[in-house]
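Secondary and tertiary structure notes
The residues making up each chain are set out below.
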Amino acid sequence: MEEEEEEEREVEEVWSWGAGSEGQLGTGSFDDRHLPQLLSFPPRAAASAARRISQIACGGAHSIALTAGGSVLTWGRGTCGQLGHGDVENCLKPKPVEFFEQIVISYISAGWNHSGFVSDSGSLFTCGDGSFGQLGHGDYESHSSPTRVLFFASKHAKKIACGMRHSLVLSKGPSGLGDFLYAFGSGRRGQLGTSLDSSRKSIAVPQAIHGFKGDEMIAVSANGDHSALLSANGHLYIWGRGFSGTSDSHLPQLLPSSLKFSQVTLGWNHALLLTDCGEVFMLGRMLGGRQESLEMHVPLCSTPSITPDEVCRAMTPTRVPGLDGVKVIDIGAGAEHSALVTENGTIMTWGWGEHGQLGFTVEVGLLLLLEVPAYILKVEESFYEKPNAAIYHPVVKAKGSDLRPPFTICWITGLCHRSRLQPS
Amino acid sequence: MSYDDVEIEDMEWNEELGAFTYPCPCGDLFQITKADLKLGEEIARCPSCSLYITVIYNQEDFMDDNKSNRNSKTLSSTKLPQTVTVA
């Protein structure tokens, strides 16, 4: 038994840093943490391979962890029932969601104050704040225990992405047809991808989104009032609130770029994009970021002579500076900060760091704004051999894009490593 | 610098705080009271960090609101999202 636990320790660690005001770091306290903290999970959760963490999602101030065996742990703010524990209490440490004891969960997402869970049989469950219809139950009620979304009873849900006040669900289509994407919740900024008449600002019953030109849908992302979808052929569709002050888009827009994207992750005012070559691009800008300086950086559009019109610029991805020669394998975005993992297992962060979400030591209260990615963790040589690192919360795992605001949870698969801090 | 401009109809009335609120990227809430709005204040602050937002609203709505003593009910029937009720 001891040997097995020792082995677990070697293969996986979860670290968190950033704002801790609601217990969302899982450290047992409400303190912000400016340096990465190693989390400990309940013994039961760490007892076997099936209990290894396979996905982590971060909401406005709560966190969800999914294990390889399909069980779920949550912690952080629970005041709207978003933890799914059947109450409206905050929880300072990872706690199993008992509701799912007999159900195998395969995908999770966390919104501002709501949560979504997809089971291996294609059922969808939601809980938390439902006041904008973002739980998809056809009403505006909140739920403190995971509740099955009946709309998907005869369908097969695959993935869910929860934004600030809306949700997107990718569902398997009938054989022969492609998958379908559904949206529900607030549509004030176009984030539902469907035109609502002016008297309706939200919808509580899932509605299908169209306009993906037959592309095979593989990943969905939602954060703030933004929505995005990635196709198997590397196309990126994006809709919702306009970036950099441009007008909102109520229908999915295909990003005009010749780049082939493999990951997308959204903040509240920016989008991070990873290409199949391991390069990172950005749309919009984070707090304090200077879009202008970034724009001089590159030619990323397929048409070099693109007109410098505002909307076009907002939809033109700019290369994130300071990453020359660095191959990136994973990206994550918080509301106003970003993180990435390089192929050799290094984690870099940039953006807004007032609460420690960049993982650097800064004077408490200092408004830290960092425009260029900087290293926060350097891992041991031995880790380099297993370049399958993934971080969440700002970070995120390659396949599920869920990152969120102020706090960061770092999930690393690989050998146990020590972290060294490198002043920027 | 103001983090964002937010219309009052996109803010939620929080009975416990006695304030209209909107999510702050730090995880807390930007807050502004009716008394503030009545005075023409347009800055909603977050108690946990340095950020603040500019609230877009019509001051007269809140002067009337006070006289009729109908408070948020008048507003919520027209523009505000429902307040959170946990099942």
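Per-chain numbering applies: the sequence of each chain, read as written, is numbered from 1 onward. By the order in which they are written, chains take letters starting at A while ligands take numbers starting at 1. Two thresholds apply to this predicted model, a pLDDT of at least 70 for residue-level local features and 80 or more for giving and counting side-chain atom pairs, whereas whole-chain, interface and lining totals are computed over all residues. Side-chain descriptors were evaluated using all non-hydrogen atoms of the structure, hydrogens and water having been removed beforehand.

1. Here's the deal with the overall build of chain B
- What chain B contains, in helices and strands, is three helices and six strands.
- Burial classification: accessible surface area is computed with a 1.4 Å probe over protein chains only, and a residue below 20% of its type maximum counts as buried, one above 50% as exposed, and the rest as partly exposed. Classification of the 87 residues of chain B by burial places 45% in the buried group.
- The criterion used for residue contact is that any of the two residues' heavy atoms lie within 4.5 Å. The long-range share in chain B, meaning contacts at least 24 apart out of those at least 6 apart in sequence, stands at 38%.
- All accessibility values rest on the Shrake-Rupley procedure with a 1.4 Å probe; residue burial counts only the protein chains present in the view. When the accessible surface of chain B is summed, it comes to about 4700 Å², and 46% of that surface belongs to carbon and sulfur atoms. Counting from the N terminus, the helices are the DSSP runs of H or I reaching at least four residues and the strands are the DSSP runs of E reaching at least two.

2. Digging into the sheet that holds strand E20 (residues 270–275) of chain A
All names here are of chain A.
- Strands sit in the order E19-E20-E21-E22 across an open sheet of four strands; the sheet is antiparallel. If you trace the sheet from one side to the other, it starts and ends with strand E19 (261–266) and strand E22 (318–319), each paired once.
- Pairing between two strands requires that DSSP report at least two bridges joining them. Here E19 pairs with E20 via five bridges, running antiparallel. Directly across from Leu-266, in E20, lies its bridge partner Ala-271.

3. Regarding the pattern of salt bridges
- One speaks of a salt bridge when a side-chain nitrogen belonging to Lys or Arg is within 4 Å of a carboxyl oxygen belonging to Asp or Glu. If you walk through the whole model with that rule in mind, you get nine salt bridges over all chains.
- Residues Asp-10 of chain B and Arg-188 of chain A are paired through a salt bridge, measuring 2.6 Å at the closest nitrogen-oxygen approach. Here the residue Asp-10 of chain B occupies a position in the loop between strand E1 (5–7) and strand E2 (12–14), and Arg-188 of chain A occupies one in the loop between strand E13 (180–186) and strand E14 (202–209), the pair thus bridging two chains.
- Arg-188 of chain A gets classed as partly exposed once you look at its relative accessible area, which sits at 25%.
- Put simply, Arg-319 of chain A and Glu-279 of chain A hold a salt bridge, and the shortest N to O gap is 2.4 Å. Taken together, the residues span a long stretch of sequence, with Arg-319 of chain A in strand E22 and Glu-279 of chain A in the loop between E20 and strand E21 (280–284) at a distance of 40 residues.
- Overall, the relative accessible area of 22% leaves Arg-319 of chain A in the partly exposed class.

4. Description of the interface of chain B and chain A
- If you look at the interface, chain B gives 25 residues, while chain A gives 33 residues.
- With both chains or domains summed, chain B and chain A bury close to 2300 Å², and 51% of this area falls on carbon and sulfur atoms.
- Across the chain B-chain A interface, the total number found is five salt bridges.
- Put simply, Glu-12 of chain B and Arg-165 of chain A hold a salt bridge, and the shortest N to O gap is 3.6 Å. Defined here as a combined quantity, buried area equals the accessible surface (1.4 Å probe) lost by two parts on assembly, summed across both.

5. Quick word on unusual backbone geometry
All names here are of chain A.
- Backbone geometry places Lys-213, a non-glycine residue, at a positive phi of 50°.
- By the secondary structure assignment, Lys-213 is in the loop between E14 and strand E15 (217–223).
- The class of Lys-213 is exposed, set by a relative accessible area of 62%.
- Residues other than glycine seldom take positive phi values, yet Ser-244 does so here, at roughly 55°.
- For Ser-244, the position within the fold is in the loop between strand E17 (236–240) and strand E18 (249–254).
- Taking relative accessible area as the criterion, Ser-244 reaches 38% and is therefore assigned partly exposed.

6. What about the sheet that holds strand E8 (residues 114–119) of chain A?
Residue and element names in this part refer to chain A.
- Taken together, the four strands give an open sheet; going across it, the order is E7-E8-E9-E10, and neighbouring strands pair in antiparallel fashion. Lying at the two open borders of the sheet, with one neighbouring strand each, are strand E7 (105–110) and strand E10 (143–148). When strand polarity is set aside, the average angle formed by the axes of neighbouring strands in this sheet is 15°.
- Alignment of E8 against strand E9 (residues 124–128), held across five bridges, turns out to be antiparallel. Bridged to Ser-115 within E9 is Cys-127. Every axis corresponds to a line fitted to the C-alpha atoms, with the helix fit spanning only the stretch in contact, and the corresponding angles, defined between N-to-C directions, vary from 0 to 180 degrees.

7. Considering the side chain of Asp-10 of chain B
- Looking at Asp-10 of chain B, the relative accessible area reads 12%, which means it is buried.
- Among residues more than four places away in sequence, those in contact with Asp-10 of chain B are Arg-165 and Arg-188 of chain A together with Tyr-22 of chain B.

8. Focus on the nonpolar core
- By convention a nonpolar core is built from buried Ala, Val, Leu, Ile, Met, Phe, Trp, Tyr and Cys residues, the set being connected through side-chain atoms within 4.5 Å. Ranked by internal contacts, the top residues of the largest apolar core, which has 27 residues, are Met-11 and Phe-30 of chain B.
- For this core, the secondary-structure elements that each account for two or more residues are strand E3 (19–23), strand E4 (29–32) and strand E6 (52–56) of chain B.
- Sort the elements by how many residues they give to this core and E4 of chain B lands first, with three residues.
- Membership of the second largest hydrophobic core comes to 17 residues, among which are Ala-228, Leu-236, Ala-271 and Leu-273 of chain A.

9. Re the packing of aromatic side chains
- Two rings from Phe, Tyr or Trp (for Trp, the six-membered ring) form a pair when their centres sit within 6.5 Å of each other. Planes less than 30 degrees apart are called stacked, planes more than 60 degrees apart edge-to-face, and all others tilted. In total, this model carries 16 aromatic pairs over all chains according to the counting rule given.
- Centre to centre, the rings of Phe-100 of chain A and Phe-117 of chain A are 4.9 Å apart; their planes meet at 55°, and the pair counts as tilted. Placement of the pair is Phe-100 of chain A in the loop between strand E6 (91–96) and E7 and Phe-117 of chain A in strand E8, with a sequence separation of 17 residues.
- The class of Phe-117 of chain A is buried, set by a relative accessible area of 0%.
- Arranged with centres 5.9 Å apart and planes meeting at 85°, the rings of Phe-20 of chain B and Phe-62 of chain B form a pair that is edge-to-face. One end of the pair, Phe-20 of chain B, is in strand E3; the other, Phe-62 of chain B, is in helix H2 (residues 59–68), with 42 residues separating them in the sequence.
- Residue classification places Phe-20 of chain B among the buried positions, given a relative accessible area of 0%.
- Clustering of aromatic rings is evident, with ring pairs tying together Phe-99, Phe-100, Phe-117 and Phe-125 of chain A.
- Lying over the aromatic face of Phe-151 of chain A, Lys-155 of chain A brings its terminal NZ or CZ to 4.3 Å of the ring centre. Whether a charge lies above a ring is judged from NZ of Lys or CZ of Arg, which has to be within 6 Å of the ring centre and within 35 degrees of the ring normal.

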